[in-house]
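If you want the building blocks of each chain, they are given just below.
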Amino acid sequence: MSRTAAKTDTQDASFAARLNAAANDTEHLLDRLLGKSLPEGEIARPQRILEAMRYTSLGGGKRLRPFLTIETAALFGVPRERALMAGAAIELVHCYSLVHDDLPAMDNDDLRRGRPTAHKQFDEATAILAGDGLLTFAFDVLGRPETHPDAAVRIALVTGLARAAGIGGMVGGQMLDLAAEGRFGKNDKAQGEQDVLTLQAMKTGAILKFCCVAGAILGNAPKAKHEAASRYGQVIGQAFQIADDLLDVEGDTATLGKAAGKDAAHGKATLVDLLGVAGARARLTQLVKDAESTLAPFGADAAILKDAARFIAERRA
Ligand code: GRG
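I will try to describe carefully the structure that is included in this document. (Residues numbered from 1 in each chain as written. Predicted model: local features only at pLDDT ≥ 70, side-chain atom pairs only at ≥ 80, totals over all residues. Heavy atoms only, no water.)

1. Some remarks on helix α3 (residues 64-75)
- Between its first and last C-alpha atoms α3 spans 17 Å; for 12 residues at 1.5 Å apiece the expected length is 16 Å, and the two agree.
- Within α3, 11 of the 12 residues are buried, which leaves it mostly tucked inside the rest of the structure.
- Turning to α3, its buried residues number three or more, namely Leu-64, Arg-65, Pro-66, Phe-67, Leu-68, Thr-69, Ile-70, Glu-71, Thr-72, Ala-73 and Leu-75.
- Looking at the buried residues of α3, the elements they touch are α1 (13-33), α4 (80-102), α9 (193-218), α10 (223-250) and α14 (303-314). (Helix = DSSP H or I, 4+ residues; strand = E, 2+ residues; numbered from the N terminus. Expected span 1.5 Å × (residues − 1). Buried < 20%, exposed > 50% of the residue type's maximum accessible area, 1.4 Å probe, protein only. Contact = heavy atoms within 4.5 Å.)

2. Regarding the environment of His-226
- Structurally, His-226 is set in helix α10.
- A relative accessible area of 25% means that His-226 is categorised as partly exposed.
- Through-space distance from the C-alpha of His-226 to that of Val-213 is 6.8 Å; in sequence the pair is 13 residues apart.

3. As for the site of the ligand
- With respect to spatial proximity, 20 residues lie near the ligand, and among them Lys-62, Arg-65, His-94, Asp-101 and Arg-113 are the closest.
- The separation between an oxygen atom of the ligand and a polar side-chain atom of Arg-65 is 2.7 Å.
- A distance of 2.8 Å separates an oxygen atom of the ligand from a polar atom in the side chain of His-94.
- For the ligand, whose free accessible area comes to 690 Å², the fraction covered by protein is 94%.
- Within the residue set of the shell around the ligand, elements represented by two or more residues are α4, α8 (170-180), α9 and α10.
- Tallying contributions element by element places α4 first for the shell around the ligand, with six residues.
- Its residues assigned to classes, the shell around the ligand shows five nonpolar, six polar and nine charged. (Near = heavy atom within 4 Å. Polar contact = N/O pair within 3.5 Å; in protein donor to acceptor, adjacent residues only side chain to side chain. Areas by Shrake-Rupley, 256 points an atom, 1.4 Å probe, with all protein chains shown as cover. Nonpolar A, V, L, I, M, F, W, Y, C, P; charged D, E, K, R; others polar.)

4. Overview of the packing of aromatic side chains
- Under the criterion given, the structure shown has four aromatic pairs.
- Judged by centre distance (5.4 Å) and plane angle (80 degrees), the rings of Phe-15 and Phe-67 are edge-to-face. Highlighted residues: Phe-15 in helix α1 and Phe-67 in helix α3, separated in sequence by 52 residues.
- Taking the relative accessible area as the measure of exposure, Phe-15 reaches 0% and is therefore buried.
- Accessibility expressed as a relative area gives 0% for Phe-67, which makes it buried.
- Ring centres of Phe-15 and Phe-311 lie 5.2 Å apart, and the angle between their planes is 45 degrees; this geometry places the pair in the tilted category. Taken together, the residues span a long stretch of sequence, with Phe-15 in helix α1 and Phe-311 in helix α14 at a distance of 296 residues.
- Taking relative accessible area as the criterion, Phe-311 reaches 2% and is therefore assigned buried.
- Taken together, the ring pairs connect Phe-15, Phe-67 and Phe-311 into an aromatic cluster.
- Between the NZ or CZ atom of Arg-65 and the centre of the ring of Phe-240, over which it lies, the distance is 5.3 Å. (Phe/Tyr/Trp six-rings, centres within 6.5 Å; stacked < 30°, edge-to-face > 60°. Lys NZ or Arg CZ within 6 Å of the ring centre and 35° of its normal.)

5. Some points on the packing of α8 against α9
- Taken N-terminus to C-terminus, the directions of α8 and α9 make an angle of 145 degrees; their axes are 7 Å apart at the nearest point. The interaxial crossing formed by α8 with α9 has left-handed handedness. Along the contact surface, α8 presents Met-170, Gly-172, Gly-173, Gln-174, Leu-176, Asp-177 and Ala-180, while α9 presents Leu-199, Met-202, Lys-203 and Ile-207.
- Split by residue class, the contact of α8 with α9 holds six nonpolar, three polar and two charged. (Axes fitted to C-alpha atoms, helices over the stretch in contact; angles between N-to-C directions. Left-handed = near helix turned anticlockwise from the far one by under 90°.)

6. A look at the packing of helix α6 (residues 124-142) against helix α7 (residues 151-165)
- Contact pair α6 / α7: the axes reach a minimum separation of 9 Å and the direction vectors enclose 160 degrees. Our classification of the angle between α6 and α7 gives roughly antiparallel. Handedness of the crossing formed by α6 with α7: right-handed. Side by side, α6 and α7 meet where Ala-138, Phe-139 and Leu-142 of the first sit next to Arg-154, Leu-157, Val-158, Leu-161 and Ala-162 of the second.
- Broken down by class, the residue content of the contact of α6 with α7 amounts to seven nonpolar, no polar and one charged. (Parallel < 35°, antiparallel > 145°, perpendicular 65-115°, else oblique.)

7. Here's the deal with the nonpolar core
- Residues Phe-67, Leu-68, Phe-210 and Tyr-232 are the most contacted members of the largest nonpolar core, which totals 89 residues.
- Setting aside residues up to four positions removed in sequence, Tyr-232 forms contacts with Leu-68, Cys-212, Ala-291, Thr-294, Leu-295, Leu-305, Ala-308 and Ala-309. (Core = buried A, V, L, I, M, F, W, Y, C linked by side-chain atoms within 4.5 Å.)

8. Quick look at the pattern of salt bridges
- Applying the stated criterion across every chain yields a total of 20 salt bridges.
- Across the pair Asp-123 and Arg-48 runs a salt bridge, and its minimum N-O distance is 2.7 Å. A residue pair is termed long-range when its members are at least 10 positions apart, and Asp-123 in the loop between α5 (118-121) and α6 and Arg-48 in helix α2 (residues 47-57) qualify at 75 residues.
- Accessibility expressed as a relative area gives 28% for Asp-123, which makes it partly exposed.
- A salt bridge links Glu-193 to Arg-283; the nearest nitrogen and oxygen atoms lie 2.9 Å apart. Placement of the pair is Glu-193 in helix α9 and Arg-283 in helix α13 (residues 271-294), with a sequence separation of 90 residues.
- Residue class for Glu-193 comes out partly exposed when judged on its relative accessible area of 31%.
- You can call Arg-283 partly exposed: its relative accessible area is 24%.
- One continuous salt-bridge network, built from bridges that share partners, spans Glu-27, Arg-63, Glu-91 and Arg-113. (Salt bridge = Lys/Arg side-chain N within 4 Å of Asp/Glu carboxyl O.)

Remember that the coordinates give geometry; whether it matters functionally is a separate question.
This is the structure we're talking about:
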């Protein structure tokens, strides 16, 4: 599974332990939330859709997004249970995006997190519905008082996640990505670095950035610290995508738990493509330094987030 394959050389024991703790706590929470008991307002949970939603959200993944929310929220003294609820909601959106991205109409992949993709394990209609179910459920989770007793905070979380995931974020970025493959005609293809940066900031960066913003929202952070958390999230989002693009070129399918070499096969423009492997590595190193600088307002409390930036840059899966 990708979770165990994700260790890097520079990762110290306490970082590994905290990432694992976030992963385990997220797993248990999602397992409970996606159980058989019905919250008020639900009529029934049909067995097949519940099974598909559990298959696609439990038992795999690094759980980097919940980890980022938990650790950013910790900077503001947020109780861990609340941060976990918000992190789990973001992870549900992430899992939905993977399910839909793997569909025949999108990337048409057979392998995800070391297992058959949802449409292979079930069927295409079930996979589409499982993605829809995960996305919708994320907002159910955010809307619960367990996430935060103050409704204004919950509304800020719902709005923030909707914008990060939607037309001006991940969904819009996915649209640009499909266009960049030339699917809708040559004129839509991404041309240069700025096009690629915008596409990636939307497709993968927006959700990663929101993980950190969510911690600040939960903690009613003062403006300057909210902005610092947001900037950190933006920078690690860029680093994550460059690392992902390098893994696509240099990684192997067995370690990644998903197909490697897809970007070139699909004619995708990436920063590795534009800068070369050495240039992309240099950019990644600079981004890790930038991420560390953004954390200056938090002093020693942010050591774990510095480790996270290095982990993101150096991960192998
Ligand atoms: C279908 C609306 C829609 C959007 C899809 C994010 C995305 C857009 C697709 C995911 C496909 C993909 C492989 C993108 C590259 C970056 C990425 C999100 C990798 C997977 O994230 P990890 O490494 O995965 O955090 P785990 O399995 O550890 O959670």
